[in-house]
Amino acid sequence: LQMTISLLSLQSRAATNPDAAAQLAVAANRVSMIARIHHRLHSYDGVQAIEFRKFLQDFGRDFSAMLSSEERPEQVLVEGIELNLSAAIAIPLGFVVSELIANAAKYGNGRIAISLQPDPAFGFALSVANGGPALPEGFDPGASTGLGMRIIQSFARQIGGELQIG
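Note that the coordinates shown come from a computational prediction; the quantities given were computed from them, not determined experimentally. (Residues numbered from 1 in each chain as written. Predicted model: local features only at pLDDT ≥ 70, side-chain atom pairs only at ≥ 80, totals over all residues. Heavy atoms only, no water.)

J.: What's the story with the nonpolar core in this structure? I'm lost.
T.: Phe52, Leu56, Phe59, Ile101 and Ile114 are the most contacted members of the largest nonpolar core, which has 26 residues in total. When contributions to this core are tallied by element, the ones reaching two or more residues are α2 (18-42), α3 (52-68), β2 (76-80), α4 (87-107), β4 (112-119) and α5 (147-158). Broken down by element, the residue count for this core peaks at nine residues, all from α4. What Phe52 contacts, discounting residues up to four positions off in sequence, is Leu83, Leu85, Ala90, Leu93, Gly94 and Leu116. Of all hydrophobic cores here, the second largest spans five residues; its members include Ile5, Leu8, Ala28 and Val31. (Core = buried A, V, L, I, M, F, W, Y, C linked by side-chain atoms within 4.5 Å. Buried < 20%, exposed > 50% of the residue type's maximum accessible area, 1.4 Å probe, protein only. Helix = DSSP H or I, 4+ residues; strand = E, 2+ residues; numbered from the N terminus. Contact = heavy atoms within 4.5 Å.)

J.: Sorry, what's going on with helix α1 (residues 2-14) here?
T.: Every α-helix carries 3.6 residues per turn, so stepping three or four residues along brings you back to the same face. The first and last C-alpha atoms of α1 sit 18 Å apart over 13 residues, in line with the 18 Å expected at 1.5 Å per residue. Listed in full, the buried residues belonging to α1 are Ile5, Leu8 and Ser12. Along the axis of α1, the buried residues cluster in a sector spanning 70 degrees; they form a single face. Projecting away from the buried face of α1 at angles above 90 degrees are the exposed residues Gln2, Met3, Arg13 and Ala14. (Expected span 1.5 Å × (residues − 1). Arc of directions from axis to C-beta.)

J.: Please clarify how a nonpolar patch on the surface should be interpreted in this entry.
T.: Nonpolar side chains collect at one region of the surface, where Met3, Leu7 and Leu10 lie side by side and expose about 340 Å² of accessible area between them. Its location among the elements puts Met3 in helix α1. Judged by relative accessible area, which is 66%, Met3 ranks as exposed. (Patch = residues over 30% accessible without salt bridge, like charges linked within 9 Å, V, L, I, M, F, W, Y side chains within 5 Å. Areas by Shrake-Rupley, 256 points an atom, 1.4 Å probe, with all protein chains shown as cover. Salt bridge = Lys/Arg side-chain N within 4 Å of Asp/Glu carboxyl O.)

J.: How do you make sense of the pattern of salt bridges when you look at a structure like this?
T.: Two side chains carrying opposite charge are able to pair once their charged atoms lie near each other. Scanning all chains against the criterion turns up three salt bridges. The shortest N-O distance in the salt bridge between Glu79 and Arg111 comes to 3.5 Å. Within this pair, whereas Glu79 is found in strand β2, its partner Arg111 is found in the loop between α4 and β4, the two being separated by 32 residues in sequence. Owing to a relative accessible area of 34%, Glu79 belongs among the partly exposed residues under this scheme. For Arg111, a relative accessible area of 42% translates into the label partly exposed. Salt bridges sharing partners connect three or more residues here, namely Lys54, Asp58 and Arg61.

Structure (structure tokens):
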């Protein structure tokens, strides 16, 4: 993965078309986050259950460090309950969180809050919020053509979850 990140970054810097350069940089960042998640989850090899709040806190710390290395400082905070999840649920949910944080950092500003709370209707609710502008009125994630939303929806379906915007 590191080699792929390096190649994408090199191509991004060498691209003469600004749009192509931006897309390559986005791809490099996405692969970088996948590598971070993969590395973090590899530390759980053989573990049946993952302390998901701790996982989120570690992940938020990594993401904060990555975002702060850019021009604006960001802080990712984790709130909510302790919950042990099976690796089959925690891994896809980790990718969902990664995409949601990336969107919050891209379109928002300031603090990013991740919250894991009990929900009487669904069992548990995981939310990611930021201090930026709200999504456009009538935003339909199902109609979104963006790769990030498709990734989020795919992993949510995989674990029997539901994406709600609000």
